[in-house]
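Next come the chains, spelled out residue by residue.
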Amino acid sequence: MMKSIIATSLIAEVALVAGFPDIARKVAEQRALEQRQGGFLPSLVPFPEFPGTPNHAVFNTFDPKSQLVSTSGDHAWQAPGPGDIRGPCAGLNAAANHGYLPRDGIATAQSVNTGLWEAYGLDKTATLFLQTATMFFDGDPISGRWSIGPHSDKTASLGPLSDVLGNQTGICAYGHLKTEADASITRGDWLDPNPEFNGNCASHPKFMQELFDLADKRANGFITPQVMAEHSYNRKQYSIQNNPNYFAPVYAGVAFTFGAHMFAFELLGNHSAEEPRGFLTKEVFMDFFSYKKDAAGNLKYTYGHERIPDNWYKRHALDAWTLTDIVVSTAQQCASYPSNCQVGGNTGTVNSFSGVDPGDLTGGLINSFENLSNPDKLGCFILQNLQAEIPSFLSNVLDPASLSLVNGLIPTVLMPALKGLDISGTCGNLPPGRTTPGYGGVYPGAKDMNVFEGPRAAY
Ligand code: HEM
Ligand SMILES: *[C@@H]1O[C@H](CO)[C@@H](O)[C@H](O)[C@H]1NC(C)=O
Ligand SMILES: *[C@@H]1O[C@H](CO)[C@@H](O)[C@H](O)[C@H]1NC(C)=O
Ligand SMILES: *[C@@H]1O[C@H](CO)[C@@H](O)[C@H](O)[C@H]1NC(C)=O
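As the structure is a prediction and not an experimental result, all values here were calculated from the model.

A short note on the environment of Gly428
Okay, step 1: Note on placement: Gly428 falls in the loop between α14 (400–418) and α15 (436–439).
Okay, step 2: For Gly428, a relative accessible area of 58% corresponds to the exposed category.

What follows is the structure, encoded as structure tokens:
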């Protein structure tokens, strides 16, 4: 019954868009395409052309005036100066380089809520959720400040309360597994023993090239949601095959990593009268990701120089990307690429992926990771995990006065921001969830959840 809900909404969506009668026909078409292209597409239910809630597939309005994003005046591009922080997120880095977020790279609640709406049309349900979860995991829950890159002394700004989490990590480097995780679009796996690819703040041209090659193969060189979904699958397979410490926790690994894959199209795509639902060329993508090509055509990456291109049109305000869209598109990925929604990791050698038992992980909320192709279930699954993870994580706060202050924010600040994950109001009283250190014990890649600092040559 649960499965039929997503199947029905996929069919409704497909029917609305192109008049496909059913999934079976789409699957048959996919198989024919595979035969023509001589390659195996590892999805049974094709990932939708227009993911998220069905309204996006038929959105048909373009307003150049409100959708053009300013890149001049206060919003002129400027390279980060000495001490300014940039990190693993193309969207946040570009926003900071254009003054849509503070140029020093220290995010605040106010700047996230207004800046990401102005620059990208990311809806308030999503920014409230992301801001709140991130300040609890990676920053200062009392001031709401967090670093958009590795640790910064600037987030610990509250005098005697100062660094309430011990040593706030920011969203990359030692922030690993809290928000950031392995098998990213272009970032490396933090615990990959190969030092060439284990920076999780920096982008790696090898993975960018693989994405572009896939775009050439599948979509005439355009970056599409379907290309991003398949790239996500490829990146997970790559990590399983190359990183003995690969690990995917619930929130950072299943929900967040894929959320970022969708942001790459949904928030970075350009819009026009002909393409009101967005289109994304490699050139625009390279600006947003701080890439150029050298004379020989090789991709060259510069840390922190992400840019919103001139003459770029964001999503229409009536077509915002919401928290519900993040959950629904992730559920659609679970339907198309079920292995991507498995929590677990390698056990110390490559190709040793072992999944956590879903019933055990969730106290029976789901009994198969395939159940996550139902968006309602997926939302409850993430909600359950964060309700366990964040309060437990805060026990790392050593100072008792700070701890009681932060714990006081759980019912008043955290829970209201998580509510949007209960997308149909059916989560009810969830069984208690388990934390990453709790269920991740057998995985060498899970051991960093509570590591806040250390010497590392490269991020
Ligand atoms: C408060 C809001 C946000 C937070 C906390 C956040 C955080 C992050 C983090 C931690 C990563 C690394 C994820 C990973 O390991 O895979 C990431 C990646 C990414 N984010 Fe964001 N982000 C936010 C908003 C945005 C926005 C608004 C955009 C687009 C406009 C965006 C686009 C991306 C993209 C494309 C990546 C993938 C980068 C790569 O793997 O090369 N994000 N983000
Ligand atoms: C969960 O998945 C299992 C295995 O695919 C299936 O038998 C079961 O009916 C699903 N349960 C729900 C509630 O969707
Ligand atoms: C976005 O699309 C419009 C309409 O096709 C085009 O004029 C503009 O140059 C594009 N912007 C970028 C940055 O490619
Ligand atoms: C916090 O961690 C960072 C990154 O490892 C380190 O550079 C810094 O010295 C640490 N700060 C404190 C106060 O321990």
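Some details on the side chain of Asp448
Okay, step 1: Among the secondary structure elements, Asp448 is positioned in the segment after α15.
Okay, step 2: Comment: no salt bridge for buried Asp448; closest opposite-charge side chain is Lys447, at 5.5 Å.
Okay, step 3: Beyond its immediate sequence surroundings of up to four residues, Asp448 is in contact with His176, Leu177, Lys178, Trp190 and Leu191.

Brief notes about helix α4 (residues 90–97)
Okay, step 1: By the criterion of burial, α4 is predominantly enclosed, with eight of the eight residues buried.
Okay, step 2: Of all the positions in α4, only Ala90, Gly91, Leu92, Asn93, Ala94, Ala95, Ala96 and Asn97 are classed as buried.
Okay, step 3: Residues of α4 that are buried make contact with α5 (109–120), β2 (146–147) and α10 (282–289).
Okay, step 4: Where α4 ends, the next residue or the one after it, Gly99, has phi of about 70°, a positive value.

Remarks on the site of ligand 4
Okay, step 1: If you check the shell around ligand 4, you find His151, Asn167, Tyr174, Glu453 and Gly454 and nothing else.
Okay, step 2: One of the side-chain nitrogen or oxygen atoms of Glu453 is found 3.3 Å away from an oxygen atom of ligand 4.
Okay, step 3: Between Gly454 and ligand 4, the recorded distance is 3.2 Å, taken from a backbone N or O atom to an oxygen atom.
Okay, step 4: Isolated, ligand 4 exposes 360 Å² of accessible area, and the fraction of that covered by the protein chains is 53%.

Observations concerning the site of ligand 1
Okay, step 1: In the region of ligand 1, 26 residues are neighbours, and Cys89, Ala181, Ser184, Thr186 and Arg187 sit closest.
Okay, step 2: Within the backbone of Ala181, one N or O atom sits 3.0 Å away from an oxygen atom of ligand 1.
Okay, step 3: Here Arg187 contributes a side-chain N or O atom positioned 2.8 Å from an oxygen atom of ligand 1.
Okay, step 4: Secondary structure elements with two or more residues in the shell around ligand 1: α4, α5, α6 (124–138) and α9 (250–266).

Focus on the coordination of the iron atom of ligand 1
Okay, step 1: In this structure the iron atom of ligand 1 is ligated by exactly one protein donor, Cys89 (SG), at 2.2 Å.
Okay, step 2: Take Cys89: it is sitting in the loop between α3 (64–67) and α4.

Here we look at the packing of aromatic side chains
For any pair of aromatic rings, the description consists of the separation of the ring centres together with the inter-plane angle of the planes.
Okay, step 1: According to the stated counting rule, one finds 23 aromatic pairs in the structure shown.
Okay, step 2: Taking the centre distance of 6.1 Å and the plane angle of 85° together, the rings of Phe129 and Tyr251 count as edge-to-face. Linking Phe129 in helix α6 with Tyr251 in helix α9, this pair joins segments that are 122 residues apart in sequence.
Okay, step 3: Taking the relative accessible area as the measure of exposure, Phe129 reaches 4% and is therefore buried.
Okay, step 4: According to the relative accessible area criterion, Tyr251 is buried, its value standing at 5%.
Okay, step 5: Counting every residue linked through ring pairs, the aromatic cluster contains Phe129, Phe137, Tyr251, Phe256, Phe393 and Phe452.
Okay, step 6: Lying over the aromatic face of Phe452, Lys178 brings its terminal NZ or CZ to 5.2 Å of the ring centre.
Okay, step 7: Over the ring of Phe207 we find Arg235, and its NZ or CZ is 3.7 Å from the ring centre.

Points about helix α8 (residues 225–242)
Okay, step 1: Between its first and last C-alpha, α8 extends 25 Å over 18 residues, near the 26 Å set by a 1.5 Å rise per residue.
Okay, step 2: Extensive coverage of α8 is indicated by the burial of 13 of its 18 residues.

Side note on the pattern of salt bridges
Okay, step 1: Per the stated rule, a full pass over the model turns up nine salt bridges.
Okay, step 2: One salt bridge connects Arg434 with Asp360, and the closest N-O pair in it is separated by 3.2 Å. One end of the pair, Arg434, is in the loop between α14 and α15; the other, Asp360, is in helix α12 (residues 358–362), with 74 residues separating them in the sequence.

Regarding unusual backbone geometry
Okay, step 1: One non-glycine residue, Ser290, adopts positive backbone phi at about 65°.
Okay, step 2: Positive phi is not limited to glycine here, since Asn311 has a value of about 60°.
Okay, step 3: Relative to the helices and strands, Asn311 resides in the loop between β5 (299–301) and α11 (323–336).

Some thoughts on the state of the cysteines
Okay, step 1: One pass over the structure, following the stated rule, counts three disulfides.
Okay, step 2: The disulfide partner of Cys334 is Cys341, and the S-S distance across this bridge is 2.0 Å. Taking the sign of the torsion about the S-S bond as the criterion, the disulfide between Cys334 and Cys341, at about -85°, is left-handed. In this structure, Cys334 and Cys341 share a single accessibility class: buried.
Okay, step 3: At a sulfur-sulfur separation of 2.1 Å, the disulfide partner of Cys380 is Cys427. Linking Cys380 and Cys427, the disulfide has an S-S dihedral of approximately -95° and is accordingly described as left-handed. Placement of Cys380 in helix α13 (residues 375–393) and of Cys427 in the loop between α14 and α15 is noted, with a sequence separation of 47 residues between them. Of the two residues, Cys380 and Cys427, both sit in the buried class.

Here is what the cut-offs are and how they apply
Residues numbered from 1 in each chain as written. Chains lettered and ligands numbered in written order. Predicted model: local features only at pLDDT ≥ 70, side-chain atom pairs only at ≥ 80, totals over all residues. Heavy atoms only, no water. Helix = DSSP H or I, 4+ residues; strand = E, 2+ residues; numbered from the N terminus. Buried < 20%, exposed > 50% of the residue type's maximum accessible area, 1.4 Å probe, protein only. Lys, Arg positive; Asp, Glu negative; His and termini not counted. Salt bridge = Lys/Arg side-chain N within 4 Å of Asp/Glu carboxyl O. Contact = heavy atoms within 4.5 Å. Near = heavy atom within 4 Å. Polar contact = N/O pair within 3.5 Å; in protein donor to acceptor, adjacent residues only side chain to side chain. Areas by Shrake-Rupley, 256 points an atom, 1.4 Å probe, with all protein chains shown as cover. Donors = N, O, S within 2.8 Å, 3.2 Å for Na, K, Ca; no water. Phe/Tyr/Trp six-rings, centres within 6.5 Å; stacked < 30°, edge-to-face > 60°. Lys NZ or Arg CZ within 6 Å of the ring centre and 35° of its normal. Expected span 1.5 Å × (residues − 1). Disulfide = S-S within 2.5 Å.

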